[in-house]
Amino acid sequence: MSRAALARFLLAAAAVTSRASAQTYSVRAPAGRVEAVVTRADARLSLEVRSGGRTVVTAGPLGLDVAGKLDADRMPRVTKQSRRSVRDVIVPAVAEKRSRIPDRYDELRLALGASLALVVRAYDDGVAYRFETKYPDSLTVTNERVAFRFAPADSAWVPLQTCRTDPGVDCFHSSYEENYEHRPLGEMPANRLSFLPVLVKTAATGGVVLVTESDLWDYPGLWVRTSAAREPTLTGAFAAYPLADSVVGGEFKERVVTKRAPYIARTAGTRTFPWRVMMIAPSEAAIVENDLVYRLARPQILQDVSWVRPGKSTEEWITSRLLYGVPFVSGLNTATYRYLIDFAADY
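We now examine the confidence of the model for the chain. With 94% of its residues at a pLDDT of 70 or more, the chain has an overall mean of 91. Every residue in residues 9–20 is under pLDDT 50, and counting partners more than four places away or in other chains gives one contact.

Bridging between strand β11 (residues 155–158) and strand β12 (residues 181–184) involves four bridges; their strand directions are antiparallel. Across the sheet, Val158 pairs through a bridge with Glu181, a residue of β12. Bridging between β11 and strand β14 (residues 198–201) involves three bridges; their strand directions are antiparallel. Bridge assignment links Trp157 to a residue of β14, and that residue is Leu199.

With omega at 0°, the peptide bond leading from Gly60 into Pro61 counts as cis. Along the polypeptide, Pro61 turns up in strand β4 (residues 54–66). Residue Leu196 is joined to Pro197 through a cis peptide bond whose omega torsion reads 5°. Tracing the sequence through the fold places Pro197 in the loop between β13 (193–194) and β14. Of note, Ala43 is a non-glycine position whose phi angle comes to about 65°, a positive value. Along the chain, the position of Ala43 falls in the loop between β2 (34–41) and β3 (44–51). Phi at Tyr176 takes a positive value of approximately 55°, unusual for a residue other than glycine.

Overall, the coordinates contain 25 salt bridges when judged by the stated rule. Taking the shortest distance from any N to any O, the salt bridge between Glu35 and Arg28 comes out at 3.4 Å. You can call Glu35 buried: its relative accessible area is 9%. Among the residues examined, Arg28 registers a relative accessible area of 44% and is labelled partly exposed. The salt bridge involving Arg295 is made with Asp291; its shortest N-O contact spans 2.9 Å. With a relative accessible area of 8%, Arg295 lands in the buried category. Here the salt bridges do not stand alone but share partners, grouping Arg28, Glu35, Glu48 and Arg50 into one network.

Rules behind the numbers
Along each chain, numbering runs from 1 in the same order as the chain's sequence is written. Given that the model is predicted, a residue must reach a pLDDT of at least 70 before its local features are reported, and side-chain atom pairs must reach 80 or more before they are shown or counted; all residues, however, enter totals for whole chains, interfaces and linings. Note that the side-chain values use all heavy atoms of the structure and ignore hydrogens as well as water. For every residue, the predictor reports its confidence as pLDDT, a number between 0 and 100. We call two residues contacting when some pair of their heavy atoms lies within 4.5 Å. Only strands that DSSP links by at least two bridges are regarded as paired with each other. Each helix corresponds to a stretch of at least 4 residues labelled H or I by DSSP, and each strand to a stretch of at least 2 residues labelled E; elements are numbered beginning at the N terminus. Definition used for salt bridges: Asp or Glu carboxyl oxygen within 4 Å of a side-chain nitrogen of Lys or Arg. Working definition: with a 1.4 Å probe on protein chains only, accessible area under 20% of the residue-type maximum means buried, over 50% means exposed, and in between means partly exposed.

Listed below in structure tokens is the structure:
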């Protein structure tokens, strides 16, 4: 056998071995239209989300980098799978978009060894996943790997962050008031940060996918970064844990982080991590009706909610102190503030 033929044989054998070692699991939503497919191949995890048989987003590689315990590039093999179906109704203490919220999903739980698990839920209006860990001591999470890959023809509404120019202040300082820009994902400015949510128009279905998170607890919020290669990919980014800060500003002072740790979280060893959420809707208008973030949130921990009642409010910053139907000239004056004080006392 020639060297060239031997090389081709070895490459083919390696490909077959890789395919044979790949582990694939899927879970469908109750109505069957939405499907999530998890694959572990080459020691990495990925999640493909399908709607009506068409892929709308692929998330991956997925994983946690935990000092001395986990490496996202070498995720453990799946050792056990379990499934459950939930057909429930959530009755919120204070009505949300709905006073009774159907909570219907099918769940897949993949154990990756004894101390790590990936949980995936398929709803009729979206897919969510999160990690769970079971260690006796605390964890130092140096990073979490997540990327959302879309089709080249997909476009997105993205709130690209304008980084501050203060010396020593990084780009994670934000008032979360950026305007949303709409353009093809492959034409986004390279390597720009954005906070969530991000809304993507999918060419394959004509619908939309909204990327966000839920059950954020003792952990930094997820940001995404546009591709440096101008590809239709949004890669997860996290602000590292703050070690030092200072107060800056004149009239409106604020506290800014001046030094960060080489990790994003130091947290309990046995816990559930935030849900990474991909809402699915047939149109931009329909996404407004989606309350998947609420359904995924942890249960209410307040024992007494009788004090929570709807009422009236006013905000001088938003109204610019403009009042109507009053017997005085409203504005930045004593009469206006007395009126606002009386309003607050009455309500």
